[in-house]
Each structure stands twice: as structure tokens, then as C-alpha cells.
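# Results of the structural survey
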Amino acid sequence: MTTNQKVLTWLEEMKALTQPDNVVWIDGSEAQLNALREEGVSTGELIKLNEEKLPGCYLHRTAENDVARVEDRTFICTTKREDAGPTNNWMAPAEMYAMLKEIYNGSMKGRTMYVVPYIMGPAGSPFSKVGIELTDSIYVVLNMNIMTRMGQIALDELGENGDFVKCLHAKCDVDPEKRYIVQFPEDNTIWSCNSAYGGNVLLGKKCFALRIASYMGYKEGWMAEHMLILGLTNPAGEKKYVAAAFPSACGKTNLAMLIPPEVLGDYKIETVGDDIAWIRIGEDGRLWAINPEAGFFGVAPGTSEKTNYNALEATKKNTIFTNVALCDDGTVWWEGLTKEAPAHCIDWLGKEWTPESGTKAAHPNSRFTAPAVNCPCISPEFEAPKGVPLSAIIFGGRRAKSAPLVYQSFDWNHGVFVGATMASETTAAATGATGVVRRDPMAMRPFCGYNMGDYFQHWIDMGHKPELTNPPKIFHVNWFRRDDEGNFMWPGFGDNMRVLNWILDRCDGKVDAAETPIGYVPKKEDLNLAGLDIDDKTLTELLSVDKDVWRAELPGIKEYFSQFGDKLPAGIQEQLDALEARLK
Ligand code: O2Y
Ligand code: MN
């Protein structure tokens with residue numbers, strides 16, 4: 001399938017290490033994929049779902065101990081420790097390779113190694129990059145088929161001499177004590193072992209498209225970000241694009257697929273991506289973004305016709321479900337899908353389940369892997385090789401008191417500071433402790449493949465490149481502000497459209513704003529609140545900036561930044577000092 005000598009030499013090396021019984025090149029053909037689906041069903045790795053109700057869909061269950069990304073076992077292995085920085089686990093590459101080789105040694109004996117060539121980004125796009133994943137999991141092959149452009153198309157893109165990201169995945173014994181997700185950014189290499197679950201094994205996603213790609217972007221002058229991308233068309237037919245970064249559990253997929261309230265008129269949201277953006281400076285002096293993925297690896301619980309109609313529609317064909325419940329009619333169910341639970345199903349552990357069981361039917365981190373083309377609001381620009389031009393970048397977090405509904409940064413460096421100080425408060429469901437502030441700069445804390453101090457500097461540098469003559473404006477949103485009784489003050493979901501509107505009006509210079517110590521906030525009259533039941537007091541509070549609350553934020557920010565030592569850019573320190581002065 002290829003004459004690329006770099007591929008063939010590396011493959012021989014990995015075969016000698018893992019010693020598979022067979023090697024199968026994945027060409028991406030339907031015939032080959034169908035054979036793998038059948039094999040997966042015959043071994044029990046996959047369960048075929050009701051062909052009439054969910055055509056082309058399958059269910060997969062992972063081991064009970066293997067249900068989420070494992071941040072404590074995720075490493076960035078650079079020659080120098082400081083190049084990985086204080087927010088990443090680190091080990092010297094030679095030491096890590098030696099340790100992992102013992103784990104991989106002979107791990108594919110009696111198994112088949114699948115050679116999975118794939119492209120992150122549309123074929124032929126100047127943004128796109130090729131990876132090859134060697135894996136002993138059919139589940140991985142079939143998920144990679146949904147999440148990437150996979151098969152011969154990738155080898156054609158690679159050509160005789162092209163470079164690629166070398167990804168090795170072995171299930172081994174799914175032993176959590178020997179589970180490692182390791183990035184070697186200086187070698188374009190990712191090694192993952194002892195997991196068979198999503199983010200740990202679909203190596204094109206977080207491992208490549210964020211950790212390795214963020215390092216590539218740093219070296220090559222572009223950016224890999226944990227951002228959704230959406231297009232918004234107003235009733236006049238004008239279309240603008242924004243990218244937005246939120247930590248987990250802040251509704252990124254929901255915002256990417258938002259349905260505008262009808263009362264606002266003829267607005268339309270189209271999804272370019274729900275998780276990752278690769279961003280470059282275009283010839284026109286703007287930032288342009290692509291979604292490097294081809295599918296959505298979305299969290300199932302809480303996804304319903306009401307909360308995200310478009311995501312749910314996307315799962316209705318050719319989708320792989322992981323760790324959801326299996327209904328008696330061969331369909332699937334998860335908490336929040338319907339008001340009423342099914343009277344009986346098989347839970348994510350494969351056990352009989354009824355509403356009286358007192359357990360969750362679906363794992364809280366159960367997932368759907370759905371092709372992006374299934375999404376009713378997928379953007380016509382989804383495959384555009386040039387990507388889409390960004391008018392605004394939005395950061396967000398879950399903050400009960402501090403951050404107003406929306407504010408705009410004063411300028412680029414201030415916007416970078418706003419991203420660098422991003423934080424979210426934990427929810428009871430996630431941790432048992434509410435209101436604990438977790439710092440998550442640009443939502444990249446688990447995904448930045450190099451020193452985060454250098455990452456902040458890279459952001460600053462990008463904004464000051466002479467060729468970036470028309471940078472996007474930078475905003476912060478908070479859908480989660482609460483009143484003194486603990487109730488959410490903003491309805492969220494479709495009504496977030498009202499905030500997007502204000503953001504784009506600001507980008508167009510159509511509306512004024514009020515200056516506060518943290519940035520520009522909307523004047524009440526500039527938010528379109530038609531049809532929304534919100535009283536004046538609530539609105540005033542939603543847009544208010546409490547200086548005392550913000551002063552109380554400063555020690556936490558300083559403490560967080562102190563870990564970066566002299567890697568903290570002067571440009572960030574200046575912003576911190578300026579904020580402190582404005583709050584006096
Ligand atoms: O738990 C996992 O393996 C998936 S985590 C994930 C999946 C899709 C999009 N984003 C995330 C994330 O953790 O940011
Ligand atoms: Mn994500």
C-alpha cells in the first residue's frame with residue numbers, strides 16, 4: 001500500500017517488538033471494514049444494534065477499570081524536563097522507551113496488528129497531517145474510521161517521502177498498573193498500552209491533534225487548540241465564525257450545535273468542530289481554523305433531544321456506542337436520554353438492570369463515536385481545505401460568582417491573560433466537593449504537549465506576528481453564574497445565542513460596551529433578550545463585576561503562575577499587574 005521507506009522500516013521495528021501473528025493494512029474500504037465489524041461481533045467485542053432503528057450502529061463495553069482518560073499516567077517525554085513543564089508528567093525519553101519496551105515485548109503474540117494510516121484534517125489541506133496507528137484492537141480501527149480520514153487516502157497524502165506521527169497502541173492485559181499514554185514530541189511518536197478505551201487509544205485525537213500538534217504548532221508557527229468551531233449566519237445572510245475553549249463538562253458540544261431560539265429571527269448555527277481546532281494565519285491577515293477530526297466522540301449521558309438535538313441525530317446511524325446501556329429492542333439508553341428509564345436493560349457492565357437497581361445503567365463517561373457528516377447542522381465548510389476565518393475567540397469556565405455572563409478583553413495580550421487564567425469550579429457530580437477552583441489555561445492543561453509557560457508566550461507571539469493584520473477579538477463567557485440561593489441565573493443552551501450575537505456585534509463595532517477592571521461588558525440594552533423571562537435585577541447581577549470577588553481571585557492566579565518560574569512570559573506578568581492595579 002506504500003513504498004514510503006520510513007513507514008516500512010518503522011513497521012518492521014514495531015513488529016519485531018510486539019511480535020503479532022498477523023499484520024493487516026487498513027485500506028479504508030467498506031468491504032474490509034465490514035469484515036472487521038463481523039469479526040468484532042463474532043468475538044463479542046462488538047454488539048450489533050437494531051438495524052432498523054440504529055442502522056450500522058454497534059455497542060462496545062470496555063473493562064470496568066478502563067473507562068476514561070488517565071491523566072496521572074499520561075506523560076510528555078522530552079529530552080529536557082523543563083520542556084515538558086510543570087503541568088505535565090515527565091520522564092526522560094530513553095528511560096520511558098526502555099520501560100515501555102518491556103511492556104510491549106511480545107504483547108501482540110497470538111493477535112493481529114492493524115496498520116491504520118489516517119489524516120488529521122481534510123485530504124489535500126495545507127493544515128493536514130498524517131499519522132499511522134499500529135493497534136491490536138478492532139474497536140480502535142473502527143473508531144478511527146469515524147474520527148479520521150483513514151486508509152489508502154492517508155498513504156496517498158503521505159507520498160514516498162512524507163513524515164508521519166508514529167503511533168503504537170497495544171491492549172496488553174488492560175492492566176491499570178501498567179497503563180501508559182506517552183507522547184514523545186521530539187520524535188513525533190505516541191505509545192499507548194494497557195488500555196482499550198477512547199481517549200487513551202484513539203491516538204489521533206488528544207494525543208496527536210492536541211499534545212503532539214501543539215508542540216508542532218509551537219515549532220512551526222501555528223496553533224492546536226482545544227476549541228469548538230461554529231459558523232453563525234444572521235438574518236441578513238452574513239456568516240461569521242468563532243472558536244471557543246471550555247474545560248470538560250462546560251457544554252462545548254452543546255454550544256457547537258446550538259439551535260437558536262426562533263423568537264430571535266432567522267439565525268443559523270453550523271458546526272465546523274466540537275473539540276479541536278488547528279489555527280493558522282491566512283494570506284488575508286486573519287486567523288483560519290480547521291477541525292482536524294471527522295467525527296464526534298461525545299459524552300452520552302445528558303445528551304437528549306432537548307439538550308442537543310443535533311448531536312443525538314448524529315448518533316442515529318453508523319455510530320459506535322461505548323459503555324451505554326443496551327435495551328431489549330437492540331437500541332441504547334443512557335441517563336438523561338429520556339425522562340423515563342426503560343423498564344429493563346443490560347447495563348454498561350453487561351448486567352441486568354432495572355430502574356430499581358440503584359446504579360447507573362450507562363457509565364457517566366459513556367460515549368458515542370458519530371460521523372460528523374451525520375450531524376444535521378454540520379457546516380458546508382467542514383471539509384474546506386483552507387478552513388474558516390475566525391472573527392472571535394471565546395474562553396469560558398464554570399464560575400458561580402466571579403465571571404460575568406460575557407466580557408471582552410481589552411486587546412490581544414489581555415485576551416491571552418484571560419485564557420491563561422481560565423478556571424472552572426468543580427460540580428458535586430464530578431468530585432464530591434463543590435466549588436473547588438481548577439485552573440485550566442485555554443482548557444489545555446491536560447493537552448498541552450510542552451511547557452505551558454512557552455505555550456503562553458507562543459499565544460502572545462502569534463498575536464503580534466506582522467502578517468496577522470486582522471486578529472480575532474477575544475472574549476470570556478460564563479453560562480454558570482448563580483444567585484445567592486444557588487440557582488443558575490442564565491438559561492444557557494439555545495439562549496447562549498444571544499451572547500454570541502453580542503460578541504459578533506462587538507467584532508463588527510456595532511455596539512458600545514461598559515469598561516470594567518476585567519474587560520468590556522455588555523450594556524443591558526445591547527443584549528437581545530426578546531422572549532426571555534429574565535428580570536432586571538438578575539440581568540444587572542449577571543453583568544456585574546464585583547471588585548472584592550476579583551481581588552480575592554488574585555492570590556490563586558499568582559500561586560498558579562508561580563509554578564512556571566522564569567517561563568512565565570513578561571507579557572502575562574504585566575497583565576496580572578495591570579489587573580491588580582485596576583482592582584485597587
Ligand atoms: O474520556 C475520554 O477518553 C474522552 S475525553 C474527551 C472526549 C471528547 C472530547 N473531549 C474530551 C476531553 O476530555 O476534553
Ligand atoms: Mn475535549
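The structure this text deals with has already been given above.
The structure contained in this document is the topic of the report that follows.

How each quantity is defined
- Per-chain numbering applies: the sequence of each chain, read as written, is numbered from 1 onward.
- Chain letters and ligand numbers both follow the written order, the letters beginning at A and the numbers at 1.
- Since the coordinates come from a predicted model, pLDDT governs what is reported: local features require at least 70, and pairs of side-chain atoms require 80 or more to be given and counted, while whole-chain, interface and lining totals use all residues.
- Note that water and hydrogens are dropped before the side-chain values are worked out from all heavy atoms of the structure.
- A pair of strands counts as paired when DSSP detects no fewer than two bridges linking them.
- Each helix corresponds to a stretch of at least 4 residues labelled H or I by DSSP, and each strand to a stretch of at least 2 residues labelled E; elements are numbered beginning at the N terminus.
- For Na, K and Ca the donor cut-off is 3.2 Å; for every other metal, N, O and S atoms count as donors within 2.8 Å. Water does not enter the count, which can leave sites looking incomplete.
- Buried residues are those whose accessible area, probed at 1.4 Å on protein chains only, stays under 20% of the maximum for their type, while exposed residues exceed 50% and partly exposed ones sit between those limits.
- For this analysis, a salt bridge means a side-chain nitrogen from Lys or Arg found within 4 Å of a carboxyl oxygen belonging to Asp or Glu.
- Proximity criterion: a residue is near a molecule or strand once any of its heavy atoms comes within 4 Å of it.
- Counted as a polar contact is a pair of N or O atoms within 3.5 Å, where, for protein atoms, one must be capable of donating a hydrogen and the other of accepting one, and residues adjacent in sequence contribute only when both atoms are in side chains.
- Here the Shrake-Rupley method, with its probe set to 1.4 Å, supplies the accessible areas, and only the displayed protein chains count as covering residues.
- For a helix, the expected span equals 1.5 Å multiplied by the number of residues minus one.
- Nonpolar core, defined: a set of buried Ala, Val, Leu, Ile, Met, Phe, Trp, Tyr and Cys residues in which side-chain atoms within 4.5 Å join the residues together.
- Contacts are residue-level and defined by heavy atoms, with any inter-residue pair within 4.5 Å sufficient.
- Lines are fitted to the C-alpha atoms to define the axes, a helix being fitted only along its stretch in contact, and any angle between axes, read from their N-to-C directions, falls within 0 to 180 degrees.
- Angular relationships are summarised with four words: roughly parallel below 35 degrees, roughly antiparallel beyond 145, roughly perpendicular across 65 to 115, and oblique for the angles in between.
- Following the grouping adopted for this structure description, the nonpolar residues are Ala, Val, Leu, Ile, Met, Phe, Trp, Tyr, Cys and Pro, the charged ones are Asp, Glu, Lys and Arg, and the polar ones are all others, Gly among them.
- Think of it this way: a Phe, Tyr or Trp ring, Trp meaning its six-membered ring, pairs with another when their centres are within 6.5 Å, and the plane angle makes it stacked under 30 degrees, edge-to-face over 60, tilted otherwise.
- As a reminder, the over-ring test applies to NZ of lysine and CZ of arginine, requiring each to be within 6 Å of the ring centre and within 35 degrees of the ring normal.

## Points about the sheet that holds strand β22 (residues 352–353)
- One open sheet accounts for four strands, arranged β20-β19-β21-β22; its pairing is antiparallel. Here the strands that pair on one side only, and so sit at the sheet edges, are β20 (332–333) and β22.
- Direction of pairing for strand β21 (residues 345–346) relative to β22: antiparallel, over a ladder of two bridges. Bridge pairing in β22 links Cys345 to Trp353.

## A closer look at the coordination of the manganese ion (ligand 2)
- Here the manganese ion (ligand 2) is held by Lys206 (NZ), His226 (NE2) and Asp275 (OD), and the distances to it run 2.1 to 2.2 Å.
- Here the donor residues of the manganese ion (ligand 2) are spaced in sequence according to K-x19-H-x48-D. Taken as a pair, Lys206 in helix α8 (residues 204–220) and Asp275 in the loop between β14 (268–273) and β15 (277–281) lie far apart in primary sequence, 69 residues in all. Exposure class is identical for Lys206 and Asp275. Each is buried.

## Here we look at the pairing of strand β16 (residues 287–290)
- The alternating pattern of β16 places Leu287 and Ala289 on one face and Trp288 and Ile290 on the opposite face, and all of these are buried.
- Examined bridge by bridge, β15 and β16 share four bridges and lie antiparallel to one another. Across the sheet, the residue bridging to Ile279 is Ala289, located in β16.
- With antiparallel pairing between neighbouring strands as the criterion, β15 and β16 make up a hairpin whose turn holds five residues, including Gly285 at a positive phi of roughly 85°.
- Across two bridges, the pairing between β16 and strand β24 (residues 388–396) is antiparallel. For Ala289, the partnering residue across the bridge sits in β24 and is Val388.

## With respect to the pairing of β14
- Where burial is concerned, most of β14 is hidden: five out of the six residues are buried.
- Relative to β14, strand β12 (residues 228–233) runs antiparallel, the two being bridged by five bridges. The partner of Leu232 across the bridge, within β14, is Ile269.

## Concerning the pattern of salt bridges
- Tallied over the full model, the rule gives 31 salt bridges.
- Of the charged contacts, one joins Asp275 and Lys252 as a salt bridge, the two residues approaching to 2.9 Å between their closest N and O atoms. Residue Asp275 is found in the loop between β14 and β15, and its partner Lys252 is found in helix α9 (residues 252–256); the two are separated by 23 residues along the sequence. This pair shows no difference in class: Asp275 is buried, exactly as Lys252 is.
- Beyond isolated ion pairs, a larger network of salt bridges with shared partners links Lys205, Lys206, Lys252, Asp275 and Glu293.

## A short note on the site of ligand 1
- If you check the shell around ligand 1, you find 13 residues, and the closest are Arg69, Tyr197, Gly199, Lys206 and Asn365.
- Gly199 is positioned such that a nitrogen or oxygen atom in its backbone is 2.8 Å from an oxygen atom of ligand 1.
- In the model, a nitrogen atom of ligand 1 is placed 3.3 Å from a nitrogen or oxygen of the Asp275 side chain.
- Relative to its free-state accessible area of 350 Å², ligand 1 is covered by the protein chains to the extent of 89%.

## Section: helix α14 (residues 496–507)
- In this model α14 runs 17 Å from its N-terminal to its C-terminal C-alpha over 12 residues, within 8% of the 16 Å that 1.5 Å per residue would give.
- Of all 12 residues in α14, 12 are buried; the element is thus mostly enclosed.
- Every buried residue of α14 is listed here: Asn496, Met497, Arg498, Val499, Leu500, Asn501, Trp502, Ile503, Leu504, Asp505, Arg506 and Cys507.
- Of the residues trailing α14, Gly509 is marked for its positive phi of about 65°.

## Points about the nonpolar core
- Counting 95 residues, the largest nonpolar core has Trp278, Phe395, Phe456, Trp459 and Phe561 as its most contacted members.
- Leu230, Leu312, Ala370 and Phe475 belong to the second-largest nonpolar core, a separate cluster that totals 69 residues.

## Some details on the sheet that holds strand β2 (residues 47–48)
- One open sheet accounts for five strands, arranged β2-β3-β18-β23-β17; its pairing is mixed. Two strands bound the open sheet, and with one partner strand each, they are β2 and β17 (295–299).
- Pairing of β17 with strand β23 (residues 367–371), which is carried by five bridges, proceeds in the antiparallel orientation. From the neighbouring strand, Val299 faces β23, where its bridge partner is Arg367.

## Structural notes on helix α17 (residues 570–582)
- For α17, spanning 13 residues, the distance from its first C-alpha to its last is 18 Å, which sits close to the expected 18 Å at 1.5 Å a residue.
- On its buried side, α17 packs onto α11 (412–420), α13 (452–463) and α16 (547–562).

## Overview of the environment of Asp21
- Secondary-structure assignment places Asp21 in the loop between α1 (5–18) and β1 (22–25).
- Asp21 sits in the exposed class, given a relative accessible area of 54%.
- Among the polar contacts made by the side chain of Asp21, one reaches the main-chain amide nitrogen of Gly110 at a distance of 2.8 Å.

## Some thoughts on the packing of α11 against α17
- Two elements in contact, α11 and α17, have axes whose closest approach is 9 Å; the angle formed by their N-to-C orientations is 90°. Taken together, the axis directions place α11 and α17 in an arrangement best described as roughly perpendicular. For the pair α11 and α17, the contacting residues are Asn413, His414, Val416, Phe417 and Ala420 in the first and Ile572, Gln575, Leu576, Leu579 and Arg582 in the second.
- Residues that form the contact of α11 with α17 fall into these classes: six nonpolar, three polar and one charged.

## Quick notes on the packing of aromatic side chains
- Going through the model one piece at a time under the given rule, you end up with 27 aromatic pairs.
- Taking the centre distance of 3.9 Å and the plane angle of 10° together, the rings of Tyr97 and Phe184 count as stacked. Of the two residues, Tyr97 sits in helix α4 (residues 93–104) while Phe184 sits in strand β9 (residues 180–184), which places them 87 residues apart along the sequence. Comparing Tyr97 with Phe184, the two get one shared label, buried.
- Taken together, the ring pairs connect Tyr215, Tyr218, Phe417, Tyr450, Tyr455, Phe456, Tyr560, Phe561 and Phe564 into an aromatic cluster.
- The positively charged end of Lys48 is found above the aromatic ring belonging to Tyr58, 5.1 Å away from the centroid.
- The aromatic ring of Phe127 is capped on one face by Arg280, whose charged end is 5.7 Å from the ring centroid.

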